[in-house]
Amino acid sequence: MTNQHLIFQLGKMIGMNKDYLDKLYQEYQNASEDRRYQIMEILWKGFFKLLDDITELKFQQFIYEAALGKRKLTNDLYQQARQEAKEYLFKTLTGEIEDEKKIEEIRKKIYSLIN
């Protein structure tokens, strides 16, 4: 994966718009090694903060489900939440989630035509 691709993927994941990412990449190309390191560090910190936040939300969801009796309360609940958060981010990064949304839209259209 090239640095350009990595910058755009990480930036997209943490919510940066395309114009800002274009400017950020231009700065990265013209920057010193120290500044390049800083840019990548900021992007990775943002990514891992997002991963932590999604993990916490998943963990709270799992606790709630356990309280309702829908999920067994185990000692690895946080690790399960972390794994689901990683899978979600991976699917988002690879575009799989967008593909699933498009497929679901097509299914709905087909279903509406059938009925």
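Look a little higher up for the structure.
For every chain, the first residue of the written sequence is number 1, and numbering continues from 1 onward in sequence order. The predicted origin of the model limits local features to residues at a pLDDT of at least 70 and limits the giving and counting of side-chain atom pairs to 80 or more, whereas totals for whole chains, interfaces and linings rest on all residues. Each side-chain value is derived from all of the structure's non-hydrogen atoms; neither hydrogens nor water enter the calculation.

Asks: Any chance you could explain the packing of aromatic side chains here in plain terms?
Replies: The geometry of an aromatic ring pair is captured by the separation of the ring centres together with the interplanar angle, meaning the angle of the planes. Two rings from Phe, Tyr or Trp (for Trp, the six-membered ring) form a pair when their centres are within 6.5 Å of each other. A pair whose planes differ by under 30 degrees is stacked, one over 60 is edge-to-face, and the rest are tilted. Considering all chains together, one arrives at 6 aromatic pairs under this definition. The interplanar angle of 50° and the centroid separation of 6.2 Å between the aromatic rings of phenylalanine 8 and tyrosine 25 together place this pair among those described as tilted. In this pair, phenylalanine 8 sits in helix α1 (residues 3-13) while tyrosine 25 sits in helix α2 (residues 18-30), placing the two residues 17 residues apart along the sequence. A relative accessible area of 15% means that tyrosine 25 is categorised as buried. Residues phenylalanine 47 and phenylalanine 48 carry aromatic rings whose centres are separated by 5.2 Å and whose planes lie at 80° to one another, so their mutual orientation is edge-to-face. Relative accessibility thresholds used throughout: buried, under 20% of the residue-type maximum; exposed, over 50%; partly exposed, between the two (1.4 Å probe, protein chains only). With a relative accessible area of 13%, phenylalanine 47 lands in the buried category. An aromatic cluster of at least three residues, connected via ring pairs, comprises Phe8, Tyr25 and Tyr28. Its guanidinium or amino end placed over the ring of tyrosine 28, arginine 36 lies 4.9 Å from that ring's centre, counting from NZ or CZ. The positively charged end of arginine 71 is found above the aromatic ring belonging to phenylalanine 62, 3.6 Å away from the centroid. Only DSSP runs of H or I with at least four residues qualify as helices, and only runs of E with at least two residues qualify as strands; both kinds are numbered from the N terminus onward. Whether a charge sits over a ring depends on NZ of Lys or CZ of Arg being within 6 Å of the ring centre and within 35 degrees of the ring normal.

Asks: Sorry, what's going on with helix α4 (residues 77-94) here?
Replies: Counting along an α-helix, one turn takes 3.6 residues, and residues three or four places apart therefore face a common direction. The span expected for a helix works out to 1.5 Å for each residue beyond the first. The end-to-end C-alpha distance of α4 is 26 Å, a good match for the 26 Å that 18 residues give at a rise of 1.5 Å each. When we look at burial in α4, the residues that qualify are Leu77, Ala81, Ala85 and Leu89. With its buried residues spanning 110° around the axis, α4 presents them on a single face. Throughout, a residue-residue contact means that at least one pair of heavy atoms, one from each residue, lies within 4.5 Å. Residues of α4 that are buried make contact with α1 and α3 (33-67). Working definition: the arc comes from the directions between the helix axis and the C-beta atoms, pointing outward to the latter.

Asks: Is there a simple way to explain the environment of glutamine 60 in this structure?
Replies: Mapped onto the elements, glutamine 60 comes out in helix α3. Looking at glutamine 60, the relative accessible area reads 42%, which means it is partly exposed. When the C-alpha atoms of glutamine 60 and leucine 77 are compared, they prove to be 9.8 Å apart, with 17 residues separating the residues in sequence. N or O atoms closer than or at 3.5 Å make up a polar contact, with two conditions inside protein: a donor-capable atom paired with an acceptor-capable one, and, for residues adjacent in sequence, both atoms drawn from side chains. Here the side chain of glutamine 60 touches glutamate 56 through a polar contact of 2.8 Å, side chain to side chain.

None of the figures reported here should be taken as evidence of function without further support.
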